[in-house]
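Structure assessment
Next come the chains, spelled out residue by residue.
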Amino acid sequence: MEHPPYRLAEEFDRFLGDPDDPGEVFSYARCAELDEKEEFPADICDRFQEWGLPDEYVPVEHGGRLHDYEQVLQLVRTVARRDLTCAIGHGKTYLGGVCVWVAGSAEQGARLGADIMAGVPVSLGLTERAHGSDLLANDVRTDDKASKANEASKADKAANPDGVADHWLVSGEKWLINNATRGSVLSLLTRTHPDGGPRGFSVLLVDKRELDEGTYRHLPKIPTLGIRGADISGIAFDGARVPRSALVGAEGAGLEIVLKALQLTRTMCAALSLGAGDHGLRLGLDFAEERELYGRRLIDIPQARHVLAGAAADVLLHEAVALVAARAVQTQTAELSVTSAVVKYLLPTGTDQLLADLTGLLGARAFLKDVHANGRFQKVERDHRIVGLFDGNTLVNLNSLVNQFRPLVRGFKRGTGDTAGAGDACDLATPLPPLDPSKLSLVARHGSGVVAGLAASVEEITRRAARNPALGPVAEAARRLLAVTTEVHAEMETYQGVLAEVPAAAFEVARRYTLCWAGAACVGLWTRSTDRLGDDPGTGALWRDGLWLRAALDRLLVRLGEPAANGRETGEELLGALRAARSSGRLFSLLPQRVPERRPATPAAPSGETERTSC
């Protein structure tokens with residue numbers, strides 16, 4: 001089955017060239033050099049501009065090519081698979097524009113869209129040094145005294161007989177802002193009412209090119225452990241004159257706009273974790289194929305095979321969850337408060353663990369720069385650590401789910417939620433409707449359609465297993481998932497209505513809920529898409545007889561405290577599929593996609609063979 005987002009990502013990857021070739025602009029060698037110098041990858045971003053990647057960040061209604069959020073996911077994943085610094089540094093422009101896509105005027109959208117497509121970097125100014133994720137405590141504000149003085153001036157009175165100034169004077173400091181220095185345009189959350197509160201903040205689209213000199217300054221770049229070349233800095237305002245036309249949405253609606261925009265950005269952050277997982281798994285596999293230990297290749301040692309098979313299962317699990325979530329942006333928009341929190345918790349933490357598992361496989365070479373693969377593993381591992389902090393950290397996202405326990409429990413009991421939208425998200429052949437930002441909601445009032453559809457999906461797999469005994473283990477694992485999901489919702493009921501002083505146990509229940517949601521998404525994706533994908537010569541083996549689903553459910557059930565669902569043979573099948581993809585130049589993925597990276601010098605042996613090679 002041809003799937004357009006993967007085809008476009010393959011085209012983009014091919015345009016970027018072979019990353020193993022140091023002569024390419026976007027090569028592993030160039031990324032390592034920039035990382036060592038802590039230098040922003042400006043020349044690589046120019047290549048993105050040449051292909052037209054910024055156009056994919058701008059919705060079609062504002063002049064760009066963004067009509068499918070799954071497509072954005074795959075394109076950013078392509079960049080992240082090569083280098084997370086480049087993905088984070090360039091992709092921040094997408095994040096910076098989202099407040100305008102959610103609530104801005106047509107004029108703002110057209111102007112910002114034109115800037116982005118012209119290559120102008122955009123940033124999102126949310127956090128402050130003293131307050132972190134506590135946006136309600138933010139201090140950047142409009143200067144009331146200065147505003148009153150200006151309102152009293154003769155010029156202002158003549159221009160504005162009603163006494164309302166035509167601008168704000170903004171003061172304060174935003175800190176740890178990606179592209180704060182490089183970005184020319186900034187979506188800025190600022191206090192527009194002295195008392196603050198939920199209706200006391202607004203979003204201003206600040207164009208630094210139009211600010212008076214001396215009214216703002218850039219804060220120094222912060223040295224970071226990972227993404228060393230990214231522009232992680234800050235900006236300080238001192239009475240910066242910002243026109244009233246810069247207001248995004250209604251005055252006082254800033255917090256709501258930001259929280260809705262973050263639902264989109266948190267979902268798209270999945271691309272960063274997917275790319276890191278792709279890169280780490282490939283490095284781990286190549287190392288195991290090449291390394292000789294105790295007279296055998298590492299790939300032939302059972303424990304090494306077990307680690308690789310587990311990492312392969314996680315890569316496919318994460319991809320399945322991200323696919324459903326990205327499509328749900330458009331098919332289940334009203335439930336994105338749940339979807340985004342689940343994905344933003346699950347994929348960064350899961351990928352961190354995946355990389356930690358592979359670190360054990362590589363041993364000391366996981367930490368060295370100039371031994372295996374020019375130190376790419378240590379770079380991707382430290383670069384990815386920061387992904388869990390973007391757009392709300394782990395606890396913020398789990399807390400968001402705790403705050404929605406009441407409607408989630410009620411919806412599960414009643415079987416409500418947008419099950420039709422969930423079905424469309426899981427059916428990869430279903431065209432996506434345009435995104436309607438007005439449907440974004442801070443709470444999924446009717447529950448989760450993805451989880452509500454789990455029972456029907458389990459029934460469908462059970463029916464298929466009656467005709468195909470090979471699906472028996474998958475059906476049994478799915479039934480166990482449904483039983484655990486019912487138990488988790490009973491646990492959630494205990495913490496309904498908890499808004500402050502959330503106990504640690506509630507966070508643990510929220511963690512378990514993310515695993516149940518992920519399992520429901522995987523089961524739904526398989527049942528609705530397998531008939532179209534099982535015959536593909538490259539990836540069909542993963543879909544036929546539910547191989548990838550069997551492996552994914554096993555990983556989820558174990559993390560839910562349940563006994564493993566599979567035996568050693570599932571891991572061996574998955575490892576065989578991983579090695580076959582690598583040796584044939586394909587991405588290890590649920591859908592077919594070729595990659596321009598060079599294949600290993602020695603072809604991977606089939607999983608049943610044990611030939612030795614020298615390291």
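The structure presented is a predicted model; accordingly, all values stated were derived computationally and were not measured.

So, on to the overall build of the chain. Counting secondary structure elements, the chain contains 23 helices and ten strands. Its C-alpha radius of gyration of 25 Å places the chain within 12% of the 25 Å reference for a compact globule of 615 residues. Taken across its 615 residues, the chain has 60% of its residues classed as buried. When contacts within the chain are restricted to residue pairs at least 6 apart in sequence, long-range pairs at least 24 apart make up 78% of them. For the chain, the exposed area adds up to about 23000 Å²; of that, 53% sits on carbon and sulfur atoms. Looking at the chain, you have 70 positive and 82 negative side-chain charges, and the mean spots of the two groups are 2 Å apart.

Here we come to a nonpolar patch on the surface. Residues Leu259, Leu442 and Val443 make up a contiguous nonpolar surface patch of about 200 Å² in total accessible area. Relative to the elements of secondary structure, Leu259 occurs in helix H9 (residues 254-268). Taking the relative accessible area as the measure of exposure, Leu259 reaches 31% and is therefore partly exposed.

On to the nonpolar core. Ranked by size, the top nonpolar core spans 175 residues in total, and within it Phe48, Leu272, Tyr513, Trp517, Trp548 and Phe588 carry the most contacts. Take this core: its biggest share by element is 18 residues, from helix H11 (residues 302-331). The contact partners of Leu272, leaving out residues within four places of it in the chain, are Val76, Ala80, Leu84, Ala87, Ile88, His384, Val387 and Phe390. One finds Ile177, Phe237, Ala240 and Ala246 within the second-largest nonpolar core, a separate group that totals 16 residues.

Moving on to helix H12 (residues 336-362). Compared with the 39 Å implied by 1.5 Å per residue over 27 residues, the 38 Å span of H12 between its first and last C-alpha is a close match. One or two steps after H12, the chain reaches Gly363, where phi turns positive at roughly 65°.

Conventions adopted
- Residues numbered from 1 in each chain as written.
- Predicted model: local features only at pLDDT ≥ 70, side-chain atom pairs only at ≥ 80, totals over all residues.
- Heavy atoms only, no water.
- Helix = DSSP H or I, 4+ residues; strand = E, 2+ residues; numbered from the N terminus.
- Rg over C-alpha atoms; globule rule 2.2 N^0.38 Å.
- Buried < 20%, exposed > 50% of the residue type's maximum accessible area, 1.4 Å probe, protein only.
- Contact = heavy atoms within 4.5 Å.
- Areas by Shrake-Rupley, 256 points an atom, 1.4 Å probe, with all protein chains shown as cover.
- Lys, Arg positive; Asp, Glu negative; His and termini not counted.
- Charge placed at Lys NZ, Arg CZ, Asp CG, Glu CD.
- Patch = residues over 30% accessible without salt bridge, like charges linked within 9 Å, V, L, I, M, F, W, Y side chains within 5 Å.
- Salt bridge = Lys/Arg side-chain N within 4 Å of Asp/Glu carboxyl O.
- Core = buried A, V, L, I, M, F, W, Y, C linked by side-chain atoms within 4.5 Å.
- Expected span 1.5 Å × (residues − 1).

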